[in-house]
Amino acid sequence: MRLNDSNQYIKRVELLRDQIPSKKEYPFCLPAVESLSELPLHPQITYFVGENGMGKSTLLEAIAISAGFNPEGGSFNFNFSTHDSHSELEQYLRLIKGVQRPKDGFFLRAETFYNVATNIEQLDSESGGPRIIDQFGGVSLHEQSHGESFFAAFTNRFKGKGLYIMDEPEAALSPLRQFSMLSRIHELAQTSSQFIIATHSPIIMAYPDALLYEFTKKGVRETTLENTEHFTLMKQFFDDKDRMLFHLFNK
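Residues numbered from 1 in each chain as written. Predicted model: local features only at pLDDT ≥ 70, side-chain atom pairs only at ≥ 80, totals over all residues. Heavy atoms only, no water.

Per an unreviewed UniProt entry, the chain carries the name ABC transporter ATP-binding protein and comes from Siminovitchia fordii. Quoted verbatim from the Subcellular location (unreviewed entry) field of UniProt, the annotation for the chain is "Cell membrane". (UniProt positions renumbered as here; feature names shortened; annotations may be inferred.)

Have a look at this one:
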């Protein structure tokens, strides 16, 4: 695994532990943050996986803000705020970057994508120049289903040679769309693009030779797809659906 690739935009994330005000306060009390010292990133694909509440989205958000993205998502030049809900974790992170700088970038998060779509419409209505929406396929993101608009942004706006951070991209996508997303991730990875993705989907996290971190109550550990709880549970379900349903319904 090439963790020291010279074309890598972010090589690792470091937590400035000696500057943390209190380990008992949020978000420093989260298992992923409490045990964090430094986290190497893959030059192409790094996954954050784990149960809700373990801190993966909180850390991902802090990395995105530290990299220059708007907390609610968008490209590097998006600057709007609907509701300030992000933590202060980014103030205590240091991103160790490579020599190269990304020519493109986007922070795509399912939770606040509606706000990004609204901001695009507002900017286009106020500008007499080229429409931003044309970079997203030309059709209003609000005039499409959530899944369609989300996928349109991913397929049209991501240009390559970029830093792309995605938080639970599968939330709006069917399994077929998730396979299509994985294929597009592969295309972009071949153009010197780097992805950091928080996901619950075994499909999305199936990219070969990626770096996969599982967030647990004991902290963060490197793992493989087959050793994640997500994969294990889904495999158990499809291997013996009736048995699992019997135990679920007869507690």
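Still to come is the rest of the account.
J.: What am I meant to see in the sheet that holds strand β9 (residues 219–223) here?
T.: Strand pairing within a sheet occurs via backbone hydrogen bonds; the two strands may be parallel or antiparallel. The strand order β5-β6-β7-β3-β8-β9 describes an open sheet built from six strands, whose pairing is mixed. The sheet is open, and its two borders are formed by β5 (104–109) and β9, each paired with just one other strand. With strand direction ignored, the average angle separating the axes of adjacent strands in the sheet is 15°. Here five bridges tie strand β8 (residues 211–216) to β9, and the two strands are oriented antiparallel to one another. The residue bridging Phe215 from the neighbouring strand is Val220, located in β9. On the sheet, helix α4 (residues 146–157) packs against β5, β6 (162–167) and β7 (194–198) and is oriented at approximately 170° with respect to β5. Relative to β7, helix α5 (residues 175–189) is tilted by about 150°, and along the sheet it contacts β3 (45–50), β6 and β7. (Pairing = 2+ DSSP bridges. Helix = DSSP H or I, 4+ residues; strand = E, 2+ residues; numbered from the N terminus. Axes fitted to C-alpha atoms, helices over the stretch in contact; angles between N-to-C directions. Contact = heavy atoms within 4.5 Å.)

J.: Help me understand the environment of His200, please; the structure alone is not making it clear to me.
T.: Structurally, the position occupied by His200 is in the loop between β7 and β8. Classification of His200 as partly exposed rests on a relative accessible area of 23%. With 15 residues separating them in the primary sequence, His200 and Ile185 have C-alpha atoms 16 Å apart. For His200, the side chain forms a polar contact with the side chain of Asn52, separated by 3.2 Å. (Buried < 20%, exposed > 50% of the residue type's maximum accessible area, 1.4 Å probe, protein only. Polar contact = N/O pair within 3.5 Å; in protein donor to acceptor, adjacent residues only side chain to side chain.)

J.: Explain the side chain of His42 to me, please; I cannot follow it from the model alone.
T.: If you trace the backbone, His42 turns up in the loop between β2 (38–40) and β3. At 3.1 Å, the side chain of His42 forms a polar contact with the backbone oxygen of Asp209.

J.: What should I look at first to understand the sheet that holds β2 in this one?
T.: Reading across from one edge, β2-β1-β4 is the order of the three strands in this open sheet, with antiparallel pairing throughout. The outermost strands of the open sheet, each flanked by one partner alone, are β2 and β4 (93–97). Each strand axis lies, on average, 20° off the axis of its neighbour in the sheet, ignoring direction. Pairing analysis gives five bridges linking strand β1 (residues 10–15) to β4, with the strands arranged antiparallel. If you follow Ile10 over to β4, its bridge partner there is Lys97. Here helix α2 (residues 56–66) sits on the sheet in contact with β1, β2 and β4, set at roughly 60° to β4.

J.: Honestly, the pairing of β1 in this entry has me stumped. Any pointers?
T.: Moving residue by residue along a regular strand, the side chains alternate between the two faces of the sheet. The pairing of β1 with β2 spans three bridges and is antiparallel. Pairing of Glu14 across the sheet is with Glu38, part of β2.

J.: Any chance you could explain the nonpolar core here in plain terms?
T.: In globular proteins that are soluble, nonpolar side chains generally tend to be buried together. Core analysis: the biggest nonpolar cluster contains 37 residues, and Ile45, Tyr47, Phe154, Phe158, Met166, Ile185 and Phe195 have the highest contact counts within it. Elements with a contribution of two residues or more to this core: β3, β5, α3 (113–126), α4, β6, α5 and β7. With five residues, α5 is the largest single contributor of residues to this core. In this view, Phe158 contacts Asp104, Phe106, Leu108, Ala153, Tyr164, Met166, Arg184, Leu188 and Phe195; residues no more than four positions away in its chain are not counted. (Core = buried A, V, L, I, M, F, W, Y, C linked by side-chain atoms within 4.5 Å.)

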